[in-house]
Amino acid sequence: MPNKLMQGKGLTDRLLRNWFRCRRRAWLDKYGNAERRLWTAHRTIQLNDQQQGFTYLIESKPKRGVKACEEGTAGVVGIRLKGTLNSGQVIEAHPPLLQRIEGESRWGNFAYRPVLWKQGKRLTREHRLGLSLVGLLLEPFQKAEVPEGLIISRANRGIKKEKITLNNGLEKQLSDSLEKLAFDLNRKEPPPLTADRRKCSLCSWRSLCGEEAGISGHLSEVSGIGARRLQILEELDIHNLEDLAAADLIFLKEKLDYFGTQHGEAAQQLIKQAMVQRDGCAERLDQKPALPELRSAPGVLIYDIESDPDAKDDFLHGFVNLPRRKCGEWNIESAKYHPLLILAENGEDTAWERLKWKLDYYSDWPILHYGETEALSLSRIAQRQGASQDELKALHNRLIDIHARVRKHWLLPVNSYGLKAVAGWIGFKWSQFEVDGAKALLWWRQWRGGRGTSRGNSNSLRRIYKYNKDDCLATWAVAKWLMDNS
Ligand code: SF4
């Protein structure tokens with residue numbers, strides 16, 4: 001046992017869910033220093049969505065506690081279920097929702113089935129076995145069989161329902177998983193960092209694990225290494241950034257080729273990237289100027305979109321208009337931020353009219369953006385709104401992806417080529433602390449939820465604008481660095 005905390009405590013549905021996401025996470029949830037936990041906007045978004053989904057499903061607000069079960073309420077929350085496995089292991093679950101169905105239970109001629117909310121499209125073990133765990137504990141609690149559970153998720157209009165049969169096969173898988181979870185929780189040290197570090201951005205332990213990854217030179221810290229490549233490199237006895245930086249190119253290429261030519265072709269890039277990160281020195285890849293289009297441009301529009309991905313809604317198109325003085329200097333003091341808030345109910349034609357006006361007004365100014373999203377979104381709107389081939393071509397020629405130019409011209413000592421990492425390395429500082437896309441999305445949902453009804457909501461909108469403006473300015477900081485270092 002790692003410490004006294006664990007003694008006498010059972011395995012919970014929450015620990016199991018987080019263990020499926022990352023084995024280390026469950027361990028940290030149990031033993032980690034709570035002060036190192038960070039709040040995640042993503043979790044709040046998920047809980048809000050879940051609450052809306054449940055209310056939609058049962059067409060009323062769920063009630064709380066055992067009394068609500070006794071009364072046969074359509075939906076019940078706030079129940080804590082407890083039981084013991086044959087192995088003697090105590091298990092607990094706090095089902096997000098119990099839905100009344102036909103049947104016979106200790107309370108009368110009705111019973112309950114467990115319901116889980118699913119964020120996104122994929123149905124995973126986390127959902128199926130989470131339901132199975134609740135079903136296992138619900139059965140003795142209500143004295144009625146629980147043959148099925150329900151997974152609901154957001155659909156185009158309303159919710160999508162997926163029934164899951166809770167059979168012996170699922171129960172066997174659950175028992176195996178609980179055994180492995182118990183084993184991991186009995187470790188003295190936390191399990192290793194997850195191979196797929198993309199998950200970390202949604203995890204409350206991201207700061208703690210990020211620090212450890214940096215200190216230990218974890219391979220996932222090398223830009224270009226995902227879960228599969230990390231596994232392959234481990235098999236080749238390359239365990240950290242130092243090992244990779246010191247690897248022999250011919251050996252590595254030959255070995256990586258065996259796993260697929262895409263890995264072999266990346267060998268040189270990976271070694272160079274690891275060297276740059278190890279030494280902390282940027283390396284230029286292409287001697288040509290990175291942004292020749294800006295030499296004679298009278299100004300630039302710096303463009304960034306904020307989106308609600310679940311609703312497929314690009315709700316904010318933000319621009320910073322940055323003019324140039326006659327002497328050629330960029331007049332950053334005169335730069336103006338112009339947010340175009342796009343409300344879906346006003347129609348895409350209205351949105352395009354406003355965007356087109358903006359683009360036409362500054363027709364000879366290039367449009368800088370970071371990553372593909374902005375170019376794709378703008379081109380698709382233009383296409384759908386009937387822009388001619390010539391107009392599309394002109395738009396395409398004006399759009400300059402700063403991220404692509406960085407990748408083409410430089411290797412930087414950063415663990416990601418995302419805007420936050422690159423602009424941060426250059427020294428750019430965001431004006432709001434710990435803000436990311438998820439937090440901006442949460443503010444947006446809050447504003448949408450009660451538009452015009454409270455001061456808090458308009459504050460939300462102001463914060464989104466500030467965040468979006470900062471992203472535009474960060475994009476400019478990177479573009480400026482590229483020009484200054486060409
Ligand atoms: S931050 Fe990443 S590695 Fe750490 S517990 Fe969370 S998901 Fe696992």
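Here the residue index of a chain counts from 1 through its sequence in written order. Given that the model is predicted, a residue must reach a pLDDT of at least 70 before its local features are reported, and side-chain atom pairs must reach 80 or more before they are shown or counted; all residues, however, enter totals for whole chains, interfaces and linings. Side-chain numbers here rest on the full set of heavy atoms in the structure, without hydrogens or water.

A. Seen up close, the domain arrangement of the protein chain. As used throughout, domain bounds are those supplied by an automatic or database domain assignment. Structurally, the protein chain comprises domain 1 (4-185), domain 2 (217-280) and domain 3 (292-484). Here domain 1 and domain 2 have C-alpha centroids that lie 40 Å from each other.

B. Highlighting the confidence of the model for the protein chain. pLDDT measures the predictor's confidence residue by residue and takes values from 0 up to 100. With 97% of its residues at a pLDDT of at least 70, the protein chain reaches an overall mean of 92. In what follows, a contact means two residues having at least one pair of non-hydrogen atoms within 4.5 Å. Low confidence marks residues 1-8, where pLDDT is under 50. Its contacts with residues over four positions away, or in another chain, come to 15 contacts.

C. View of the nonpolar core. By convention a nonpolar core is built from buried Ala, Val, Leu, Ile, Met, Phe, Trp, Tyr and Cys residues, the set being connected through side-chain atoms within 4.5 Å. Exposure categories follow from relative accessible area, calculated using a 1.4 Å probe and restricted to protein chains: below 20% of the type maximum is buried, above 50% is exposed, and the middle band is partly exposed. Ranked by size, the top nonpolar core spans 49 residues in total, and within it Leu368, Ile402 and Trp476 carry the most contacts. Going through the elements one at a time, helix H3 (41-58), strand E11 (299-308), strand E12 (313-323), helix H16 (402-409), strand E16 (410-411), helix H17 (419-426), helix H18 (437-449) and helix H19 (455-484) are the ones with two or more residues in this core. Top contributing element to this core by residue count: H19, with 11 residues. Dropping the residues within four chain positions of it, Ile402 is found in contact with Leu291, Leu368, His369, Tyr370, Thr475, Val478, Ala479 and Leu482. Only runs of H or I of at least four residues qualify as helices and only runs of E of at least two qualify as strands under DSSP, and these elements are numbered from the N terminus.

D. The arrangement of the environment of Asp364 in detail. Tracing the chain through its elements places Asp364 in the loop between helix H13 (348-361) and strand E14 (367-369). Residues Asp364 and Arg398 lie 34 residues apart in sequence; the distance between their C-alpha atoms is 8.2 Å.

E. Quick look at the layout of surface pockets. Using a 1 Å grid laid over the protein atoms alone, points where a 1.4 Å probe fits but cannot get out form a cavity; open sets with protein on both sides within 12 Å along at least 5 of 7 lines form a pocket; any residue with an atom within 4 Å of a point counts as lining. Grid points are joined across faces, edges and corners, and a volume is the space filled by probe spheres set on the points. Looking at the second largest pocket, its volume works out to about 530 Å³. For the second largest pocket, the lining is made up of 20 residues, of which Ser153, Arg154, Ala155, Asn156 and Asp310 are closest to its centre. Those elements that provide at least two residues to the lining of the second largest pocket are H3, strand E7 (111-118), strand E8 (148-154) and strand E9 (159-165). Among the elements that take part in the lining of the second largest pocket, H3 stands out by supplying four residues, more than any other. Split by domain, the residues of the lining of the second largest pocket number at least three in each of domain 1 (4-185) and domain 3 (292-484).

F. Spotlight on the packing of aromatic side chains. Pairing of aromatic side chains requires ring centres within 6.5 Å, counting the rings of Phe and Tyr and the six-membered ring of Trp. Pairs whose planes differ by under 30 degrees are stacked, by over 60 edge-to-face, and all others tilted. All chains considered together, the criterion is met by 17 aromatic pairs. On the numbers, 5.1 Å between centres and 65° between planes, the contact of Trp330 with Trp476 is edge-to-face. Here Trp476 lies in helix H19 and Trp330 lies in the loop between E12 and strand E13 (336-341), a separation of 146 residues in the sequence. Using a relative accessible area of 13% as the deciding quantity, one classes Trp330 as buried. Relative to Tyr362, the ring of Tyr361 lies with its centre 5.0 Å away and its plane at 75°, an arrangement referred to as edge-to-face. According to the relative accessible area criterion, Tyr361 is exposed, its value standing at 55%. An aromatic cluster of three or more residues is present, and its members are Trp107, Phe110, Tyr112 and Phe141. Should the NZ of a Lys or the CZ of an Arg lie within 6 Å of a ring centre and within 35 degrees of the ring normal, that charge is described as sitting over the ring. Directly above the ring of Phe141 sits Arg106, whose terminal nitrogen or CZ lies 5.4 Å from the centroid. We note Arg407 situated over the ring of Tyr417; from NZ or CZ to the ring centre the distance is 3.9 Å.

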